[in-house]
Amino acid sequence: MSGQPFFYKCETHRGLGSVLKRFKQDDSSAPDIPFPPHITCQLCSKPYKEPRILPCLHSFCGQCLHKEIERSGTKQIMECPTCQKNITIPEGGVNAIPQNLHLGFEVEVAGYMSKIGSDGEMSCDACIDGSTGPAVVFCCTCHELLCSCCHEYHKRSRKLSNHPIVGLDKESLKLLPSLMKPTECFCSLPHHEKEELKFYCETCQLLTCRDCTLVLHKDHKIDEMCNIAKVHRDAMKETLVSAQGEASKVTWAIVANDKMAEEGEISRDNATLNITQAFEQLHQSIEDRKKILLSEMAATSVLKTTYLTLQKEQLMKMQDEIGHYTEMTSHILQTHTDHEIVALGGLLPTELKATLKKIENVSLTPNQTSDIHVSLHTDSLIKEISIFGHVMDSPPSPSQSTWSSESVAKVKEIYCVKVETMTSKRERYPYGGLQVKAELKLKSHDGAVVTGQVNDHGDGTYTINLTPQTAGPHQLLITMDGQHVQKSPCDLDVRSKYSTLCNPEHVIYCRGGPTSIAIHDSGDIYVSCWNDNLIRVFDRAGQQKGIIGSCGSDDGEFNHPRGLFIKGDVIYVADTGNNRIQKLTTGGLFLQTFDQHIEGQFNNPASVIVDLGDRLIVADGSNHRVVILDQAGTWLLTINGNVTGNHGFPFPYGLALDPQGNIHVAAWASDAIKVFTPEGTYVRSYGDAKPLSGIVIDEEGYSLVNERDGNCLSIFDPQGNKVHTVGNLKKPRGIILDLKSGSLYVANCDANTVLKYSVY
């Protein structure tokens, strides 16, 4: 190997990019011995020569890369031979791919060590003819073998004395990699050979010498190479820290992966055990059931045989008796004289007839069938087994499972909840069979609980129906296999039945001061008009279709009519100004008048209703009482409201019957609704407003009461608690529920309208 220093040829002056090419003047003398794998090219299996480093940080000989690019058939993209990552080839080809200078240096170090460590004497690289003797040391800076004379010269020279020297023995050679440093890089242009490449042109992205910066790179952005190296080094350090952090994460991820794999194996073994045990239990259950059925079959067979045996024994006994009597009778007939037969006194016929009589009471057909019916339904069982059990990579997760409800929770109405099962990976769990439960708990001292009815659809979804019994704040709890699903427990406000009642869906204009309303089975709406002294008839759409009556006191005429009640095709009218109740057909034909009774004349009767016993119940307004008559007008009962105490009701106006048949009385001068039994016994009071006018009670016991001066409609639950109020009315009077259409009608008197609300 030559003793001259290595040079770096700067190819950037030829416009081929930031590439430095280190070359040796002569490497033909290097011994052919194996090199360490990390400095051996993967493609040619030889020490790297002009190694180039790809973006994936894998290095190859420059010539090997050139051949690899040609082999790939494209000059734009190649596949890294080590990691198979696609690499974009720069515009300058292989020469534009950065050199791995340090790897080239390692190859040189290995080459020196191989040469120095070979057997035999080596000549001095510094002597002209090597006549001073063989080499005895190696200069790590000059990269030369030195004889003893040249070694002495090195030690005495000011410029050379600080060069690290190693001996040629094996122990000394171990220090060579740490002491040997790369030679300086020099410019390759003529007359610049002694100029080191100490500068970097950021414009051309090239290393350059001092002279080139003044000529070829004039006016370019120039910086010292050491500064640029520091920038790159700092960037590499920063990237290294980041990479180490990510590497730590990846390491932990690998650990977690390994742990998950171990847990997966444990889970697999547990699942295998569970499946095996489950099917062993199923098998055992089937075997147990088989034994039970075989036992039942054997018992049935024995029972049949026993019954048949007993029947046979009875029949054989009868057969013997009949045979005995028939044989004796035949013998007597053949051998006995008339005297002898008479002497027997008819004994044989009597006994024979008695025996034959027994046969009539005995079944002559077998009392058992030969069949033993076995009901197994194996097809359905096999079908169930065919879909029994499920295996998924993630189990159902209650905490990830969700529920929804589109309805508003109302008292006595079904509140529907839909549950969707999700896995721990937030994927749909497509199977049923989980223990899903739902409870609605009242937030009060008694904490009443409503349990939901669960419908398992078998596809991971469940429908739960709950029917709240009480209005107010509740807590909804939904569990799956004993664990709460998402958003459970949660607060749920259960509203009263009429809590959403607010604005009317339709307004019927009815002039003349509407005071009471009644609905015919046909859907026609009858409205009494106080000022016009008549009854207007509307269809369901609110179009007037007729009028009944006119002003007067004759039959079929009215003077300020108020209350209306329809039963079948009969309409009862409280003809207030005429102090009577009139009974007409819904077509307007007069039928009957009720005006006085044993306790006197009606005085401003305000309303009339008919109970299930066909009794007329009349709010006798100015007499401050409720009078009950039969259909003939005979007095039956009086409930006196002109008394002090809780059961008084001055000037009763509205009447209604609850589901139990009790009579509810709303009076103008009373501060509460009074409740009486059908026999007139006081029960209770509820409400806190006056004056009261019309009242109606639905099938569940909710009371809807008009407050005339309060210009509102108040709603009370069956216990008498006010649960809702509808305002913006004008002197409301009559009120009626149409169960067929689910509508509520209110006579909004001073506005001359009938308001229609949707309640179902």
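Residues numbered from 1 in each chain as written. Predicted model: local features only at pLDDT ≥ 70, side-chain atom pairs only at ≥ 80, totals over all residues. Heavy atoms only, no water.

## Here we look at the overall build of the protein chain
When its secondary structure is counted, the protein chain shows 10 helices and 47 strands. For the protein chain, the C-alpha radius of gyration of 57 Å lies well beyond 27 Å, the compact-globule estimate for 760 residues. For the protein chain, the C-alpha atoms occupy an extent of roughly 165 × 120 × 50 Å along the three principal directions. Expressed as a percentage of the 760 residues in the protein chain, the buried residues total 39%. (Helix = DSSP H or I, 4+ residues; strand = E, 2+ residues; numbered from the N terminus. Rg over C-alpha atoms; globule rule 2.2 N^0.38 Å. Buried < 20%, exposed > 50% of the residue type's maximum accessible area, 1.4 Å probe, protein only.)

## Description of the pairing of strand S27 (residues 561–567)
Across the 7 residues of S27, 5 count as buried, placing the element largely inside the fold. The sheet contact formed by S27 and strand S28 (residues 570–575) spans 5 bridges and is antiparallel. Paired with isoleucine 566 across the strands is isoleucine 571, a residue of S28. Here S27 folds back onto S28, and the loop between the two strands holds 2 residues, one of which, glycine 568, carries a positive phi near 65°. (Pairing = 2+ DSSP bridges.)

## Some details on unusual backbone geometry
Put simply, serine 488 and proline 489 share a cis peptide bond, and its omega is -5°. For glutamine 205, which is not a glycine, the phi torsion comes out positive at approximately 55°. When you line up the elements, glutamine 205 lands in the loop between strand S10 (199–201) and strand S11 (206–208). Here the phi dihedral of asparagine 533 falls at roughly 55°; this positive angle occurs in a residue that is not glycine. Tracing the chain through its elements places asparagine 533 in the loop between strand S24 (525–529) and strand S25 (534–538).

## Overview of a nonpolar patch on the surface
A cluster of nonpolar side chains, Ile275, Phe279, Leu282, Ile286, Leu381, Ile385, Phe388 and Val391, forms an exposed patch at the surface whose accessible area comes to about 720 Å². Elements with a minimum of two residues in the nonpolar patch: helix H7 (225–335) and helix H10 (378–386). Considering every element that reaches the nonpolar patch, the biggest residue donor is H7, with 4 residues. Looking at the element boundaries, leucine 381 is found in helix H10. (Patch = residues over 30% accessible without salt bridge, like charges linked within 9 Å, V, L, I, M, F, W, Y side chains within 5 Å. Areas by Shrake-Rupley, 256 points an atom, 1.4 Å probe, with all protein chains shown as cover. Salt bridge = Lys/Arg side-chain N within 4 Å of Asp/Glu carboxyl O.)

## A short note on the pattern of salt bridges
The tally for this structure, following the rule as stated, stands at 28 salt bridges. Residue glutamate 699 pairs with lysine 497 through a salt bridge whose shortest N-O separation is 3.4 Å. One end of the pair, glutamate 699, is in the loop between strand S41 (692–697) and strand S42 (703–707); the other, lysine 497, is in the loop between strand S21 (490–494) and strand S22 (506–509), with 202 residues separating them in the sequence. Residue classification places glutamate 699 among the partly exposed positions, given a relative accessible area of 43%. Looking at lysine 497, the relative accessible area reads 4%, which means it is buried. Several salt bridges converge on common partners, so that one network encompasses Lys497, Asp698, Glu699 and Glu700.

## Brief notes about the environment of histidine 143
Structurally, the position occupied by histidine 143 is in the loop between strand S7 (137–139) and strand S8 (144–146). For histidine 143, a relative accessible area of 2% gives the class buried. Taking the C-alpha atoms as reference points, histidine 143 and isoleucine 165, separated by 22 residues in sequence, lie 9.8 Å from one another. Of the polar contacts made by the side chain of histidine 143, one reaches the backbone oxygen of cysteine 140; its length is 3.3 Å. (Polar contact = N/O pair within 3.5 Å; in protein donor to acceptor, adjacent residues only side chain to side chain.)

## As for the side chain of threonine 421
For threonine 421, the location among the structural elements is in the loop between strand S14 (415–420) and strand S15 (436–442). A distance of 2.7 Å separates the side chain of threonine 421 from the backbone oxygen of glycine 460, its partner in a polar contact. Setting aside chain neighbours within four positions, we find threonine 421 in contact with Pro396, Ser401, Glu427, Arg428, Tyr429, Leu434, Gly460, Tyr462 and Met480. (Contact = heavy atoms within 4.5 Å.)

## Considering the packing of aromatic side chains
As enumerated under the stated definition, the model contains 9 aromatic pairs in all. Ring geometry for phenylalanine 649 versus phenylalanine 676: centroids 5.6 Å apart, planes at 70°, classification edge-to-face. Taken as a pair, phenylalanine 649 in the loop between strand S36 (635–640) and strand S37 (652–657) and phenylalanine 676 in strand S39 (residues 673–676) lie far apart in primary sequence, 27 residues in all. Just as phenylalanine 649 is buried, phenylalanine 676 falls in that class too. Aromatic ring contacts, followed pair by pair, group Phe649, Phe676 and Tyr682 into a single cluster. (Phe/Tyr/Trp six-rings, centres within 6.5 Å; stacked < 30°, edge-to-face > 60°.)

## A word on the sheet that holds strand S29 (residues 580–585)
Spatially, the 4 strands line up as an open sheet ordered S27-S28-S29-S30, and their pairing is antiparallel. The sheet terminates laterally at S27 and strand S30 (590–594), the two strands that pair on one side only. For this sheet the average axis-to-axis angle between neighbouring strands, irrespective of direction, equals 20°. (Axes fitted to C-alpha atoms, helices over the stretch in contact; angles between N-to-C directions.)

## What about the sheet that holds strand S38 (residues 663–667)?
Pairing is antiparallel across the open sheet formed by 4 strands, whose spatial order is S37-S38-S39-S40. The strands lining the two open edges of the sheet, one partner per strand, are S37 and strand S40 (682–686). On average, adjacent strands in this sheet sit at an angle of 25° to one another, irrespective of strand direction. Relative to S38, S37 runs antiparallel, the two being bridged by 5 bridges. The residue bridging leucine 655 from the neighbouring strand is valine 665, located in S38.

## Re the confidence of the model for the protein chain
On average, the protein chain scores 86 in pLDDT, and the residues at 70 or more come to 94%. Here residues 1–33 scores under 50 on pLDDT; set against residues more than four positions off or in separate chains, the count is 85 contacts. (pLDDT = per-residue confidence, 0-100.)

## What to know about the side chain of serine 516
With respect to the element layout, serine 516 can be found in strand S23 (residues 514–519). From its side chain, serine 516 meets the backbone nitrogen of leucine 564 in a polar contact 3.0 Å long. The residues touching serine 516, leaving out its near neighbours within four places in the chain, are Tyr526, Val527, Ser528, Arg562, Gly563, Leu564, Gly734 and Ala747.

## Things to note about helix H1 (residues 62–72)
Where H1 is concerned, the buried positions are Gly62, Cys64, Leu65, Glu68 and Ile69. All buried residues of H1 lie within an arc of 155° about the axis, which places them on one face of the element. Structural note: H1 exposes Lys67, Glu70 and Arg71 on the side pointing more than 90 degrees away from its buried face. Positive phi shows up at glycine 73, right after H1, with a value of about 80°. (Arc of directions from axis to C-beta.)

## Regarding the pairing of strand S34 (residues 616–620)
Counted residue by residue, S34 has 5 buried out of 5 residues, so it is predominantly covered. Where burial is concerned, the two faces of S34 agree: the one with Leu616, Val618 and Asp620 and the one with Ile617 and Ala619 are both buried. Relative to S34, strand S33 (residues 605–610) runs antiparallel, the two being bridged by 5 bridges. Bridge pairing in S34 places serine 607 opposite alanine 619.

## Looking at a negative patch on the surface
A surface patch of like charges, here negative, comprises Asp258, Glu262, Glu263 and Glu265. Structurally, the position occupied by glutamate 263 is in helix H7. (Lys, Arg positive; Asp, Glu negative; His and termini not counted. Charge placed at Lys NZ, Arg CZ, Asp CG, Glu CD.)

## Structural notes on H7
Residues spaced three or four apart along an α-helix point in a common direction, a consequence of the helix completing one turn every 3.6 residues. In a regular helix each residue adds 1.5 Å, so 111 residues correspond to 165 Å; H7 covers 158 Å between its end C-alpha atoms and thus fits that length. Within H7, burial applies to Ile228, Lys304, Gln311, Met318, Tyr325 and Ile332. Contacts from the buried residues of H7 go to S10, strand S12 (222–224), helix H8 (338–344) and helix H9 (347–360). (Expected span 1.5 Å × (residues − 1).)

## Observations concerning the packing of H7 against H9
For the pair H7 and H9, interaxial distance at closest approach is 10 Å and the crossing angle is 155°. Between H7 and H9, the angle is such that the two are roughly antiparallel. Judged by the sense of rotation from one axis to the other, the crossing of H7 with H9 is left-handed. The residues of H9 that touch H7, namely those facing Met318, Glu321, Ile322, Tyr325, Met328, Thr329 and Ile332, are Leu348, Glu351, Leu352, Thr355, Leu356, Lys358 and Ile359. When the residues that make up the contact of H7 with H9 are grouped by side-chain class, the tally is 9 nonpolar, 2 polar and 3 charged. (Parallel < 35°, antiparallel > 145°, perpendicular 65-115°, else oblique. Left-handed = near helix turned anticlockwise from the far one by under 90°. Nonpolar A, V, L, I, M, F, W, Y, C, P; charged D, E, K, R; others polar.)

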